[in-house]
Amino acid sequence: MTTANASQPLIALAEVRKSYNVGQPNEAEVLHGVTLQVMRGEFIALMGPSGSGKSTLLNIVGLLERSTSGCYRLQGQEVQALDDRELTMLRRTTLGFVFQFHHLLPAFTALENVTLPALMTEGRVSAPQLARARELLDAVGLANAMAKRPSELSGGMQQRVAIARALVQDPPLVLADEPTGNLDTASSNEVLALLRKIHAERGTAFIVVTHDSRLAARCDRLVELVDGRIHQDKAIAAAGAAAL
Ligand SMILES: Nc1ncnc2c1ncn2[C@@H]1O[C@H](COP(=O)(O)OP(=O)(O)O)[C@@H](O)[C@H]1O
Ligand SMILES: [Mg+2]
């Protein structure tokens, strides 16, 4: 089982490699030995040119894809040995995801979309989970939009529903792949401010993929990938709350 030890890295990757199309003529290695540790409560920007492997890395961290070699520990647990069912359970209880396109289900209300992870994990939504979903929608400024369907909401509002959904299980780590890539500047700022607020209030760790160096400057640490390798990994001075 997972353990929650504050001094232990939340995630630890050691020499992680990823190849696509293994054994075929078009086999290609896209991550060439990535070593990375993330502690609880870190707020990280992941940057790099298109095709540098950011989404691949995030998908491996998020247990959506398996690495080809190397070691990945999530909360101390070596994930390579787990079967698909165990990975799915670990993913649902440990990780929240926010993508560029929100993947909300169009036929469901905002509130129903936020309760979906609980429904999928446990087969039902308990009263405390429903209360938590309402509390989160309130926290993201959507108290009056809970009964609305995604099509009735703006892009920024839809992304805020997706953020509430990512948080409903209170995961220690949220992975956001270009969460503002589809938004205008004002909505992007709002979304980042919201992630920072959640981080400050709950100590949730974030890895946020972004092309926007202005947004990255408001994170606490910058990890830059170039051609499948970590090119730079540095703390950002005067980051975060000060910049808001
Ligand atoms: N499913 C896949 N099959 C084959 N190649 C892939 C697949 N996913 C990504 N790639 C390749 O891996 C490299 C890294 O892609 P990606 O992780 O999406 O980069 P980024 O998110 O930084 O733009 C690219 O060359 C891309 O074409
Ligand atoms: Mg990508």
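Just so it is clear, the structure is predicted and the values come from calculations on it, not from any experiment.

## A word on the confidence of the model for the protein
Any segment with low pLDDT has predicted coordinates that should not be analysed in fine detail. Confidence in the prediction for the protein averages 92 pLDDT; 95% of positions are at 70 or higher. Taken together, the stretch residues 240–244 has pLDDT below 50 and engages in 10 contacts with residues farther than four places along the chain or on a different chain.

## Quick notes on the sheet that holds strand E1 (residues 11–20)
What the four strands build is an open sheet, ordered E2-E1-E4-E5; its pairing is antiparallel. Every interior strand has two partners, whereas the edge strands, strand E2 (28–38) and strand E5 (77–78), have only one. In this structure, E1 lies alongside E2, joined through eight bridges in antiparallel fashion. Opposite Ile11, over in E2, you have Val38 as the bridge partner.

## Description of the packing of helix H3 (residues 110–122) against helix H4 (residues 127–139)
At a minimum axis separation of 9 Å, H3 and H4 run at an interaxial angle of 140 degrees. As the angle between them shows, H3 and H4 are arranged oblique. Along this stretch, H3 crosses H4, giving a crossing that reads as right-handed. Contacts between H3 and H4 involve Ala110, Leu111, Val114, Thr115, Ala118 and Glu122 from the first element and Gln129, Leu130, Ala133, Arg134 and Leu137 from the second. Looking at side-chain class alone, the contact of H3 with H4 contains seven nonpolar, two polar and two charged residues.

## A look at the nonpolar core
Core analysis: the biggest nonpolar cluster contains 38 residues, and Phe43, Val114, Leu137, Val161, Ile163 and Phe206 have the highest contact counts within it. Those elements giving two or more residues to this core turn out to be strand E3 (43–47), H3, H4, helix H5 (155–167), strand E7 (173–177), helix H6 (185–202), strand E8 (205–209) and helix H7 (213–216). Counting residues per element, this core draws most heavily on H5, at six residues. Dropping the residues within four chain positions of it, Phe43 is found in contact with Leu192, Leu195, Arg196, His199, Phe206, Val208, Cys219, Asp220 and Arg221.

Calculation notes
Counting starts from 1 at the beginning of each chain's written sequence and moves along it residue by residue. Labels are handed out in written order, letters beginning with A for the chains and numbers beginning with 1 for the ligands. Reporting in this predicted model follows two pLDDT cut-offs: at least 70 for local features of residues, and 80 or more for side-chain atom pairs to be given and counted; totals over whole chains, interfaces and linings ignore these cut-offs and use all residues. Values shown for side chains rest on all heavy atoms present in the structure; no hydrogens or waters enter the calculation. Confidence scores here are pLDDT values: one per residue, from the predictor, ranging 0 to 100. By definition in these notes, contact holds between two residues if any of their heavy atoms fall within 4.5 Å. DSSP bridges decide pairing: two strands pair if at least two such bridges lie between them. Here a strand is any run of E in DSSP of at least two residues, a helix any run of H or I of at least four, and the numbering for each starts at the N terminus. Fitting a line to C-alpha atoms yields each axis, with helices limited to the stretch in contact; the angle taken between N-to-C directions then spans 0 to 180 degrees. By the definition adopted for this analysis, an angle is roughly parallel if under 35 degrees, roughly antiparallel if over 145, roughly perpendicular if from 65 to 115, and oblique otherwise. Each crossing gets its hand from how the near helix is turned against the far one by less than a right angle, where anticlockwise is left-handed and clockwise is right-handed. Classification convention: Asp, Glu, Lys, Arg as charged; Ala, Val, Leu, Ile, Met, Phe, Trp, Tyr, Cys, Pro as nonpolar; all other residues, Gly among them, as polar. Only buried residues count toward a nonpolar core, which is a set of Ala, Val, Leu, Ile, Met, Phe, Trp, Tyr and Cys residues joined through side-chain atoms within 4.5 Å. Partly exposed residues are those whose accessible area sits between 20% and 50% of the maximum for their type, while under 20% is buried and over 50% is exposed, using a 1.4 Å probe and protein chains only.

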